[in-house]
Amino acid sequence: MNVQVVIKEEGNFVKGFISGEIDAFTAPILREKLATVQAKDGLLAELDMSEVSYMDSTGLGVIVAFFKNINAANGHVKLTGLSPRLKRLFDITGLGEIMDIETEDKGGN
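Cut-off values and rules
Residues numbered from 1 in each chain as written. Predicted model: local features only at pLDDT ≥ 70, side-chain atom pairs only at ≥ 80, totals over all residues. Heavy atoms only, no water. UniProt positions renumbered as here; feature names shortened; annotations may be inferred. Helix = DSSP H or I, 4+ residues; strand = E, 2+ residues; numbered from the N terminus. Rg over C-alpha atoms; globule rule 2.2 N^0.38 Å. Core = buried A, V, L, I, M, F, W, Y, C linked by side-chain atoms within 4.5 Å. Buried < 20%, exposed > 50% of the residue type's maximum accessible area, 1.4 Å probe, protein only. Contact = heavy atoms within 4.5 Å. Axes fitted to C-alpha atoms, helices over the stretch in contact; angles between N-to-C directions. Parallel < 35°, antiparallel > 145°, perpendicular 65-115°, else oblique. Nonpolar A, V, L, I, M, F, W, Y, C, P; charged D, E, K, R; others polar. Expected span 1.5 Å × (residues − 1). Polar contact = N/O pair within 3.5 Å; in protein donor to acceptor, adjacent residues only side chain to side chain. Salt bridge = Lys/Arg side-chain N within 4 Å of Asp/Glu carboxyl O.

- As recorded in an unreviewed UniProt entry, the chain goes by Anti-sigma factor antagonist and comes from Paenisporosarcina macmurdoensis.
- Of the chain, the UniProt comment under Sequence similarities (unreviewed entry) reads exactly: "Belongs to the anti-sigma-factor antagonist family."
- Under the UniProt heading Function (unreviewed entry), the note attached to the chain is "Positive regulator of sigma-B activity. Non-phosphorylated RsbV binds to RsbW, preventing its association with sigma-B. When phosphorylated, releases RsbW, which is then free to complex with and inactivate sigma-B."

Encoded structure:
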């Protein structure tokens, strides 16, 4: 499987659309694409992960590195569309408490 990453920038807002599987083979592609985003003060970055079918610890590392890079420049990263399985991965590692995560669960709460 492959990973596709589309980055759209508009002013101080960046939206990334990620689809496919993120593992040891595809994580470098994701890292490369995310590296094109210039971290700057007040940047709002949103990563839509609703089409990510699988992610392992390598992918998690890429997301964390992006998160740290943007936060270091006083920016904000939001992850959206996470499946319950992906959300669990973030929760198990404790990242669910640190990162701004919006799941794809549309149910009321």
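There's plenty left to go through after this.
### A look at the overall build of the chain
Right, so step 1: When you go through the chain residue by residue, the secondary structure sums to 4 helices and 5 strands.
Right, so step 2: Going residue by residue from the N terminus, the α and β elements of the chain occur as β-β-α-β-α-β-α-α-β.
Right, so step 3: Against the globule reference of 13 Å for 109 residues, the chain gives a C-alpha radius of gyration of 13 Å, in line with a compact fold.
Right, so step 4: Projecting the C-alpha coordinates of the chain onto the three principal axes gives extents of approximately 35 × 30 × 25 Å.

### Comments concerning the nonpolar core
Note that soluble globular proteins tend to have their nonpolar side chains buried in a common cluster.
Right, so step 1: Of all hydrophobic cores here, the largest spans 30 residues; its most connected members are Ile18, Ile22, Met49, Met55, Ile63, Leu79 and Phe90.
Right, so step 2: Of all the secondary structure elements, the ones that give two or more residues to this core are strand E1 (3–10), strand E2 (13–22), helix H1 (27–34), strand E3 (44–55), helix H2 (57–72), strand E4 (76–82) and helix H3 (84–92).
Right, so step 3: With 7 residues, H2 is the single largest residue contributor to this core.
Right, so step 4: Among residues more than four places away in sequence, those in contact with isoleucine 22 are Val3, Ala27, Leu30, Met49, Val52, Tyr54, Met55, Asp56 and Gly59.

### A few points about the packing of H1 against H2
A pair of packed helices can be characterised by two numbers: the angle between their axes and the separation between those axes.
Right, so step 1: Running from amino to carboxyl end, H1 crosses H2 at an angle of 10°, the nearest separation of the two axes being 9 Å. Here H1 is positioned roughly parallel relative to H2, judged by the angle of their axes. Along its contact with H1, which presents Ala27, Leu30, Arg31 and Leu34, the element H2 presents Thr58, Gly59, Val62, Ile63 and Phe66.
Right, so step 2: Residue composition of the contact of H1 with H2, by class: 6 nonpolar, 2 polar and 1 charged.

### Observations regarding H2
Right, so step 1: If you check H2, its first and last C-alpha atoms are 22 Å apart, about what 16 residues at 1.5 Å a residue would give, namely 22 Å.
Right, so step 2: When H2 is considered as a whole, its buried residues turn out to be Gly59, Leu60, Val62, Ile63, Val64, Phe66, Phe67 and Ile70.
Right, so step 3: Considering only its buried residues, H2 is in contact with E2, H1, E3, E4, H3 and helix H4 (95–98).
Right, so step 4: Where H2 starts, the residue carrying a side-chain oxygen 2.9 Å from the main-chain nitrogen of threonine 58 turns out to be aspartate 56.
Right, so step 5: Where H2 terminates, the next one or two residues include asparagine 74, which has phi positive at roughly 60°.

### Considerations on the pattern of salt bridges
A side chain with one charge can pair with a side chain of the opposite charge if their charged atoms come near.
Right, so step 1: What the rule picks out here adds up to 3 salt bridges.
Right, so step 2: With its nearest N and O atoms 2.9 Å apart, the salt bridge here joins lysine 15 to glutamate 46. Placement of lysine 15 in strand E2 and of glutamate 46 in strand E3 is noted, with a sequence separation of 31 residues between them.
Right, so step 3: Residue classification places glutamate 46 among the buried positions, given a relative accessible area of 16%.
Right, so step 4: Lysine 78 is the salt-bridge partner of glutamate 102, the closest N and O atoms lying 3.1 Å from each other. Taken together, the residues span a long stretch of sequence, with glutamate 102 in strand E5 (residues 100–103) and lysine 78 in strand E4 at a distance of 24 residues.
Right, so step 5: Since its relative accessible area comes to 24%, lysine 78 is described here as partly exposed.

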